[in-house]
Amino acid sequence: MAIQRTFSIIKPDATKRNLTGAIVAKFEAAGLRVVASKRIQMTLAQAETFYGVHSERPFFGELCEFMISEPIVVQVLEGEDAIAKNREVMGATNPADAAEGTIRKDFALSIGENSVHGSDAPETAAEEIAFFFSGLELVG
Ligand code: CMP
């Protein structure tokens, strides 16, 4: 598998509890390198656009309100098989189902307040990186 880039969000429940460094340490220990990073607070319109694929889900409103409730840290992670590796390090969406040692097992509070987001495929990784980062912010 080649070197890939993926997109990550450290969510409001984690930034609020000062867990950014602990989460980045898990990425780095898994061989993922942070190649771009910034702390931002999304507008409601941005959150609704970013999560547009979930707009028909019953939790959509709650999800968007949560994602704008505090600052988030958006990052680009790079490494061998980065998309799958990041999903492995994150653990299952619902922390009750997450494996030992994963970010969501160790830090997530609930299925909604689940500490991290990560891209699920190369196409979404490219779209999500471009949504938050300009070309100038992405070194080669
Ligand atoms: P994420 O990877 O950011 O992608 C969509 C998010 O929706 C997901 O993580 C969860 O945080 C959230 N989500 C999924 N299912 C539910 C649910 N049943 N209730 C609240 N939030 C949910």
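Residues numbered from 1 in each chain as written. Predicted model: local features only at pLDDT ≥ 70, side-chain atom pairs only at ≥ 80, totals over all residues. Heavy atoms only, no water.

### Considerations on the layout of surface pockets
Which parts of space are left empty comes out when a probe the size of a water molecule is rolled across the atoms. What the largest pocket holds in volume is close to 800 Å³. Lining the largest pocket we find 29 residues, and of these Lys-11, Tyr-51, His-54, Leu-63 and His-117 sit closest to its centre. Counting residues per element, the ones that place at least two in the lining of the largest pocket are α3 (44-50), α4 (60-67), α5 (82-90), β4 (116-118) and α7 (122-132). The element that contributes the greatest number of residues to the lining of the largest pocket is α7, accounting for four residues. Tallied by class, the residues present in the lining of the largest pocket amount to 10 nonpolar, 10 polar and nine charged. (1 Å grid on protein atoms, 1.4 Å probe; cavity = no way out; pocket = protein on both sides within 12 Å on 5 of 7 lines; lining within 4 Å. Points joined across faces, edges and corners; volume = space filled by probe spheres on them. Helix = DSSP H or I, 4+ residues; strand = E, 2+ residues; numbered from the N terminus. Nonpolar A, V, L, I, M, F, W, Y, C, P; charged D, E, K, R; others polar.)

### As for the sheet that holds strand β1 (residues 3-10)
Read across the sheet, four strands follow the order β2-β3-β1-β4 without closing on themselves; strand pairing throughout is antiparallel. The two strands at the open ends of the sheet, each matched to only one other strand, are β2 (33-40) and β4. Strand-to-strand twist across the sheet, computed as the mean angle between neighbouring axes with direction ignored, equals 20°. Strand direction decides the pairing type here: β2 and strand β3 (residues 72-80), joined by seven bridges, are antiparallel. In the strand pairing of β3, Ile-40 is matched with Ile-72. α7 rests against β1, β2, β3 and β4 of the sheet, and its axis sits at about 55° to β1. (Pairing = 2+ DSSP bridges. Axes fitted to C-alpha atoms, helices over the stretch in contact; angles between N-to-C directions. Contact = heavy atoms within 4.5 Å.)

### What about the packing of aromatic side chains?
In the structure shown here, the tally under the stated rule is six aromatic pairs. When the ring of Phe-50 is compared with that of Phe-131, the centres are 5.7 Å apart and the planes differ by 50°; the resulting orientation is tilted. In this pair, Phe-50 sits in helix α3 while Phe-131 sits in helix α7, placing the two residues 81 residues apart along the sequence. Judged by its relative accessible area of 11%, Phe-50 is buried. An aromatic cluster is defined as three or more aromatic residues linked by ring pairs; in this entry it consists of Phe-7, Phe-50, Tyr-51, Phe-131 and Phe-132. The ring centre of Phe-133 lies 4.7 Å from the NZ or CZ of Lys-38, which sits over that ring. (Phe/Tyr/Trp six-rings, centres within 6.5 Å; stacked < 30°, edge-to-face > 60°. Buried < 20%, exposed > 50% of the residue type's maximum accessible area, 1.4 Å probe, protein only. Lys NZ or Arg CZ within 6 Å of the ring centre and 35° of its normal.)

### Let's talk about α7
Of the positions making up α7, those classed as buried are Ala-125, Glu-128, Ile-129 and Phe-132. Looking straight down α7, one finds that the buried residues subtend no more than 100° of arc, so they occupy a single side. In α7, the exposed positions angled more than 90 degrees off the buried face are occupied by Glu-123, Glu-127 and Ala-130. If you follow the buried residues of α7, they end up packed against β1, β2, α3, β3, α5 and β4. (Arc of directions from axis to C-beta.)

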